[in-house]
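# Remarks on the overall topology
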2 protein chains.
Amino acid sequence: MTLLAEWLAGEGVGVASEALLASWNDTPARAAIVDFVATVSGAGSAGFVDPAERVAVFDNDGTLWSEKPIPIQLDFTLFRLAELAGQDPSLRDRQPYKAAVERDYRWLGAAMVKHYHGDDADMRLLLAAVESAFTGMSVDAFEAEVLGWLKDASHPVLHRPYLSCGFAPMVELLRYLEANGFSTYIASGGDRDFMRPFAHSIYGIPPERVIGSALGLDFNESDDDTQLVYKSKLEFFDDGPQKPVRVWSRIGRRPLVAGGNSNGDIPMLRFARTGSRAALRLLVLHDDDSREFAYTAGAEDALERATARGWTIVSMKNDWGTVFADS
Amino acid sequence: MTLLAEWLAGEGVGVASEALLASWNDTPARAAIVDFVATVSGAGSAGFVDPAERVAVFDNDGTLWSEKPIPIQLDFTLFRLAELAGQDPSLRDRQPYKAAVERDYRWLGAAMVKHYHGDDADMRLLLAAVESAFTGMSVDAFEAEVLGWLKDASHPVLHRPYLSCGFAPMVELLRYLEANGFSTYIASGGDRDFMRPFAHSIYGIPPERVIGSALGLDFNESDDDTQLVYKSKLEFFDDGPQKPVRVWSRIGRRPLVAGGNSNGDIPMLRFARTGSRAALRLLVLHDDDSREFAYTAGAEDALERATARGWTIVSMKNDWGTVFADS
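Keep in mind that what you see is a predicted model, and the values were worked out from it rather than measured. (Residues numbered from 1 in each chain as written. Chains lettered and ligands numbered in written order. Predicted model: local features only at pLDDT ≥ 70, side-chain atom pairs only at ≥ 80, totals over all residues. Heavy atoms only, no water.)

Following the criterion strictly, the structure yields 28 aromatic pairs over all chains and no others. Taking 5.3 Å as the distance between ring centres and 55 degrees as the angle between the ring planes, the aromatic pair formed by A:Phe76 and A:Trp149 counts as tilted. Taken together, the residues A:Phe76 in helix H3 (residues 72–87) and A:Trp149 in helix H7 (residues 139–152) connect sequence positions 73 residues apart. Pair check on accessibility: A:Phe76 and A:Trp149 agree, each one buried. Between A:Phe219 and B:Phe271, the ring centres sit 6.0 Å apart and the planes meet at 85 degrees, which makes this aromatic pair edge-to-face. (Phe/Tyr/Trp six-rings, centres within 6.5 Å; stacked < 30°, edge-to-face > 60°. Helix = DSSP H or I, 4+ residues; strand = E, 2+ residues; numbered from the N terminus. Buried < 20%, exposed > 50% of the residue type's maximum accessible area, 1.4 Å probe, protein only.)

Spelled out as structure tokens, the structure:
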């Protein structure tokens, strides 16, 4: 939070920061956001919430940036799995190495959809390979690997650098919330340490506010220069009911604003509300196949609940004047 | 961090904040702290470190507040275990319930010392009981339980409220570091959710900056009002090599300042230094049996390493003019 934003928030005049939402069309979704923020941050408002308790959590894949045809992290993992298959030819006919070598997005995309529908067989194959893909690598080397890959990688369908695949209106929303006293966090099923190296440049979110899935870590203290190195085992997969667990573990507060786009985000969005306190729940609807993608697979339950419970559905097509910052 | 402190840190003139260390005597330990902070925060200093990377982590028990005759959390757990033994008489002759009912601090203190010496038999008994002491309780109910107990609980030897058992010089050090652009964290073997309810009032540290051991959590979504409830299983015990793992998991940065007082803190203090960057490692030495306690049991290796490697040993007796704020 900038000094100006902090001052504005303290003074309760942060509502003027509405101008930060420049890429949002003047629609009911935008009004719901602005009204909620005014309610919790307005001095003298009946629904005033102490700034320390103004916590906003957002899923990443499909919520802050594109996740089709496959989550961007999977493309990074493909690059790594293909490299491993190059070193060990016996891997080449086994999934997911086969898909990695052949760059077969269909197998991988289907594995994600099956997961959201409750069939985890392919996801387990994928996770086992992901779990072992970085065994023994230090956290510092991993960070360099992510940044090195991301520097040149681009989206296979949108034909833009992955580093430009963040949704401009959501980045504006992060700044708008911060200008109104919120602390913003990413809370994603994606790997925490994969997101950390780029979360600041794309979203303005520092590593300590990135929550996600995690590989186990070992502390290697054999040298004077100690290292944290990855195990070949996931510590937890931060999706579904794990999301509120990880949000609490990290923050120790219930979120006041929660945003997602799929069934795996339902528990986190539900966790935001308590009997005594309202919450803003945002669900990004991918209905824009001219500027991004149109799909609801894996989000059916979330959309149904959003409609039934009055969560705010954000239509990319109708609510966003711009999707990507430089388009 | 206050606005003034943030401005001072940004301007690189935070060194003036030395006056914040009022309870420290003018000794080499204090000079080592002030010199290090000047080196990393002084504008134009060769050792300047970006404020975002100025992370300070401190153990809690024995570092920020007293841990003798037993860690304060154990007294809370005793109260709970005695309550459970009252409900189930078959527990009364088993350890650690027996010690809890009889308030036998010796058994419990010895279990801690044995643990630091590598003998975990009694610690395992204790942890098993601790693990199951709050099964099914919600995080909100647990917070209320901690605050309710702490409100009236006092130290059996120092005869002061537990809420006044924080070391005044260490609280000043937290403020001094923050005034110089640092983010301060607790990184303790104690239970994260036990510390969170009081960390702000005693140390000025909010829940999102409290790192510690954790019980597993389940997300209970059967009601409209969702709850996180404790499992009867520790997720991890945040001591020894787990400390750097948990610091990284939470923050995603190596600490620049690390403070502790026992062998269990060695890995965290070692983790603070890298080949390319110096670190300030502080080891609190309990050598003051007139104002607090004098002991080195469980800290032998840490003291040896501190001497060999030039870590800064903080003598309660010589370096602190005041130990407790209101004494």
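With an RMSD of 0.0 Å, the operation that places chain B on chain A is a rotation of 180 degrees combined with a shift of 0.0 Å along the axis. This pairing of chains is accounted for by a two-fold axis. Most of the interface of chain B is mirrored in chain A: 100% of its interface residues are interface residues there too. (Least-squares fit on C-alpha atoms with pLDDT ≥ 70 in both. Contact = heavy atoms within 4.5 Å.)

Turning our eyes to something else, we now look at the side chain of B:Arg160. With respect to the helices and strands, B:Arg160 occurs in the loop between helix H7 (139–152) and helix H8 (168–179). A polar side-chain atom of B:Arg160 sits 3.2 Å from the main-chain carbonyl oxygen of B:Ser164. (Polar contact = N/O pair within 3.5 Å; in protein donor to acceptor, adjacent residues only side chain to side chain.)

Okay, the nonpolar core next. Generally speaking, soluble globular proteins have nonpolar side chains that are buried together. In terms of nonpolar packing, the biggest core is built from 82 residues, with B:Phe58, B:Met170, B:Leu173, B:Phe194, B:Phe198, B:Tyr203 and B:Trp320 touching the most fellow members. Among the elements that line this core, the one with the most residues is helix H3 (residues 72–87) of chain B, at seven residues. (Core = buried A, V, L, I, M, F, W, Y, C linked by side-chain atoms within 4.5 Å.)

All names here are of chain A. Helix length check: helix H9 (residues 192–203) (twelve residues) gives 14 Å between terminal C-alpha atoms against 16 Å at 1.5 Å per residue, more than 12% under. Within H9, ten of the twelve residues are buried, leaving the element largely enclosed by the surrounding structure. For H9, the set of buried residues is Arg192, Asp193, Phe194, Met195, Arg196, Pro197, Phe198, Ala199, Ile202 and Tyr203. (Expected span 1.5 Å × (residues − 1).)

What follows is about the interface of chain B and chain A. Contact with chain B, which involves 41 residues of that partner, is made by 41 residues of chain A. Looking at the side of chain B facing chain A, the largest losses of area belong to B:Phe219, B:Trp248 and B:Arg270, adding up to 17% of the total buried there. In this structure, the connection of chain B to chain A is made through twelve salt bridges. The salt bridge involving A:Glu208 is made with B:Arg253; its shortest N-O contact spans 3.0 Å. Taken together, chain B and chain A are joined by 30 residue pairs in polar contact (both at pLDDT 80 or more). Mapped by element, the contributors of at least two residues to the side of chain B that touches chain A are helix H1 (3–11), H7, helix H9 (192–203), strand E3 (210–220), strand E4 (227–236), helix H10 (242–251) and helix H11 (266–272) of chain B. For the side of chain B that touches chain A, the class distribution of residues is 17 nonpolar, six polar and 18 charged. (Buried area = accessible area lost by both parts, 1.4 Å probe. Salt bridge = Lys/Arg side-chain N within 4 Å of Asp/Glu carboxyl O. Nonpolar A, V, L, I, M, F, W, Y, C, P; charged D, E, K, R; others polar.)

Residue and element names in this part refer to chain B. Most of strand E6 (residues 280–287) is tucked away, with seven of its eight residues classed as buried. With H11 bridging strand E5 (residues 257–260) and its parallel neighbour E6, the resulting β-α-β unit is right-handed. Alignment of E6 against strand E8 (residues 312–315), held across four bridges, turns out to be parallel. Among the inter-strand pairings, leucine 283 is bridged to a residue of E8, identified as isoleucine 313. With two bridges connecting them, E6 and strand E7 (residues 294–295) associate as antiparallel partners. Bridge pairing in E7 places aspartate 287 opposite alanine 294. The turn joining E6 and E7, which pair antiparallel and follow one another in sequence, is formed by six residues. (Right-handed = clockwise from strand over helix to strand, strands pointing away. Pairing = 2+ DSSP bridges.)

Residue and element names in this part refer to chain A. Position of tryptophan 65 among the secondary structure elements: in the loop between strand E1 (55–58) and H3. You can call tryptophan 65 buried: its relative accessible area is 0%. Spatially, the C-alpha atom of tryptophan 65 lies 8.8 Å from that of serine 164, the residues being 99 residues apart in sequence. Ignoring any residue separated from it by four or fewer positions in sequence, one finds tryptophan 65 in contact with Asn60, Ile72, Tyr162, Cys165, Gly166, Phe167, Phe194, Phe198, Ile202 and Tyr203.

Per the counting criterion, the structure on display carries 43 salt bridges over all chains. Here A:Arg80 and A:Glu83 are joined by a salt bridge, their closest N and O atoms 2.9 Å apart. Remark: A:Glu83 and A:Arg80 occur in helix H3; sequence separation between them is three residues, near one turn of the helix. Residue classification places A:Arg80 among the buried residues on the basis of a relative accessible area of 14%. Residue A:Glu83 is classed as partly exposed on the basis of its relative accessible area of 33%. A salt bridge links B:Glu235 to A:Arg246; its shortest N-O distance comes to 2.9 Å. Note that B:Glu235 is positioned in strand E4 and A:Arg246 in helix H10 (residues 242–251), a pairing that runs across two chains. Given a relative accessible area of 27%, B:Glu235 falls into the partly exposed group.

Here the focus is unusual backbone geometry. If a residue is not glycine, its phi is most likely negative; likewise, a peptide bond is most likely trans. With an omega of 0 degrees, the peptide bond between A:Lys68 and A:Pro69 qualifies as cis. Here B:His159, not a glycine, exhibits a phi torsion of approximately 55 degrees, which is positive. Inspection of the secondary structure assignment puts B:His159 in the loop between H7 and H8. According to the relative accessible area criterion, B:His159 is exposed, its value standing at 65%.

All right, on to the confidence of the model for chain A then. Counting all residues, the mean pLDDT for chain A is 93, and 95% of those residues have values of 70 or more. The complex model carries a pTM of 0.92, and its ipTM stands at 0.91. (pLDDT = per-residue confidence, 0-100.)

Residues and elements named next belong to chain B. Look at phenylalanine 76 and you get buried, because its relative accessible area is 1%. As for phenylalanine 76 and glutamate 145, which are separated by 69 residues in sequence, their C-alpha atoms are 9.4 Å apart. Setting aside residues up to four positions removed in sequence, phenylalanine 76 forms contacts with Phe134, Phe142, Glu145, Val146, Trp149 and Phe194.

Once that is clear, we can look at the side chain of B:Lys68. Residue and element names in this part refer to chain B. Take lysine 68: it is sitting in the loop between strand E1 (55–58) and H3. Lacking a salt bridge, the buried lysine 68 has glutamate 67 as its closest oppositely charged neighbour, with an N-O distance of 5.3 Å. With residues up to four places along the chain from it excluded, the contact list for lysine 68 reads Val113, His155, Phe293 and Tyr295. (Lys, Arg positive; Asp, Glu negative; His and termini not counted.)

To continue, consider the packing of helix H2 (residues 28–41) of chain A against helix H8 (residues 168–179) of chain A. Residues and elements named next belong to chain A. Put simply, H2 and H8 touch, their axes get as near as 11 Å, and they point 20 degrees apart. Between H2 and H8, the crossing angle belongs to the class labelled roughly parallel. Crossing angle aside, the handedness with which H2 passes H8 is right-handed. Residue-level contacts link Ile33, Val34 and Val37 of H2 to Leu173, Tyr176 and Leu177 of H8. Split by residue class, the contact of H2 with H8 holds six nonpolar, no polar and no charged. (Axes fitted to C-alpha atoms, helices over the stretch in contact; angles between N-to-C directions. Parallel < 35°, antiparallel > 145°, perpendicular 65-115°, else oblique. Left-handed = near helix turned anticlockwise from the far one by under 90°.)

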